[in-house]
Every structure is written in C-alpha cells, then in structure tokens.
Amino acid sequence: MSHPYSGGCEHVHTWSDQAYLDSHDCHCSICRGITGKDSLHVTFFKYADLKVDHPELLKRQPYNAKNPDGPLELCTCSVCGKPILVDDKQHRIRVIAPGLMGYDESRMTAAYHAFFDPAAGRPKPDDGRPVYEALRPDFVMPQPA
Ligand SMILES: [Zn+2]
Ligand SMILES: [Zn+2]
C-alpha cells in the first residue's frame, strides 16, 4: 500500500495519508546544530495523522538538550540509529525533517523561513520566501490528540 507521505528506515516506517500542516526551513540553533548549515527543512503533521509502525523500537531524547523538559523529543531507531521523527509529548504535532528522515522533499516544499535570528550572525535568506523570527504568524498549533 502506498501513502502520499512516507519515510523512516528499514526497521521503523512512518507515513501520513493526510496533508501536512506546515513545511518550512527552520533556522533555530538546534536545527542549525543538526545540519551544520543555516537551516533544516522540517514538516509538521497533526499528531494523529503521522503513523509509526514500530514505536517500541524508538529511542527518545530531548530535541533541545539544553531544555530536557521541553515537549519535543527526537526519536531515533534503536537498531540503526537513524533519526525517525520528532515527537511531541503534548500530542499536538509530529515533525519530520524530510531530507533526513526518508521523505520525498519535493512533496513538502518549504514555504518560508522560520526562527530566523538576526543575532545569530547568519545572512538573512533572500530567496524570495518570507522570513519570520518564529513560525508563520497565522500558524495555529492543533489541540492535543
Ligand atoms: Zn528548529
Ligand atoms: Zn532502523
């Protein structure tokens, strides 16, 4: 069976049959740390829309090591170590980085730049897409599933 959005590794598969909520290039310090570049392309799904076939194989760690009590957890495969998804302890969203987590990036084009911090000393993106210092202003976080 094929899904419009799918990824994961050979041990843990993730997918959604529903449209994503948001897709952007995140410029926060954590995403910059992960890529070593200016940003990371991330896509948000509603929590209940992104499915995981083997959640028992996921190893969880705080997404922000400096804020271990924060809601977001990076889930990696306990077998091969590949990053699989970012889970939300509050069950609002599930986040994937399509380029790192086995998804087809061309199906979830980043619409804008988020969490751009002028104080970080990186050049402001000038590719014509909007640049915000947070998520897009009209983004509404879903209610917990
Ligand atoms: Zn980020
Ligand atoms: Zn794996």
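The paragraphs below set out a description of the structure included in this document. This one's a predicted model, so the numbers in the text were calculated from it and none came from an experiment.

## Some points on the sheet that holds strand β6 (residues 58-62)
Reading across from one edge, β6-β7-β8-β9-β4-β3-β10 is the order of the seven strands in this open sheet, with mixed pairing throughout. Edge positions in the sheet fall to β6 and β10 (113-114), since each has one partner strand and no second. Here four bridges tie strand β4 (residues 40-46) to strand β9 (residues 93-96), and the two strands are oriented antiparallel to one another. Bridge pairing in β9 places F45 opposite R94.

## A short note on the sheet that holds strand β5 (residues 51-52)
Reading across the sheet, the three strands line up as β1-β2-β5 and stay open at both edges, with antiparallel pairing between neighbours. Across the chains shown, the open sheet's two edge strands, defined by having one partner strand only, are β1 (5-8) and β5. Judged from the four bridges that link them, β1 and strand β2 (residues 13-16) form a sheet pairing that is antiparallel. Residue G8 lies in a different strand from β2, and its bridge partner there is H13.

## Quick notes on the pairing of β4
Across the seven residues of β4, six count as buried, placing the element largely inside the fold. Both strand β3 (residues 22-26) and β4 contribute to a ladder of five bridges, which runs antiparallel. For H24, the partnering residue across the bridge sits in β4 and is V42.

## Section: the nonpolar core
Counting residues in hydrophobic clusters, the biggest one holds 26 residues, and the most contacted among them are C26, V42, L85, V86, V95, I96 and M101. When contributions to this core are tallied by element, the ones reaching two or more residues are β4, β7 (72-77), β8 (83-88) and β9. For this core, the element with the highest residue contribution is β4, accounting for four residues. When near neighbours in sequence (up to four residues on either side) are disregarded, V86 contacts Y63, L72, E73, L74, C75 and V95.

## As for the environment of C26
Structurally, C26 is set in strand β3. Look past the residues within four positions of C26 in its chain and what remains in contact with it is C31, S39, L40, V42, A114 and F115.

## A few points about the pairing of β7
As judged from the five bridges shared by β6 and β7, these two strands associate in the antiparallel manner. The residue of β7 that forms the bridge with R60 is C75. Relative to β8, β7 is paired through five bridges, and the arrangement is antiparallel. Within β8, the position partnered with E73 by the bridge is D87. Hairpin geometry of β7 and β8 is characterised by an intervening segment of five residues between the two adjacent antiparallel strands and by a positive phi of about 85 degrees at G81.

## With respect to unusual backbone geometry
We note that H91 has phi near 60 degrees; this positive angle belongs to a residue other than glycine. Mapped onto the elements, H91 comes out in the loop between β8 and β9.

Rules and cut-offs
- Residues numbered from 1 in each chain as written.
- Chains lettered and ligands numbered in written order.
- Predicted model: local features only at pLDDT ≥ 70, side-chain atom pairs only at ≥ 80, totals over all residues.
- Pairing = 2+ DSSP bridges.
- Helix = DSSP H or I, 4+ residues; strand = E, 2+ residues; numbered from the N terminus.
- Buried ≥ 20, exposed ≤ 12 C-beta atoms within 10 Å, placed from the backbone.
- Core = buried A, V, L, I, M, F, W, Y, C linked by C-beta atoms within 7 Å.
- Contact = placed C-beta atoms within 7 Å.

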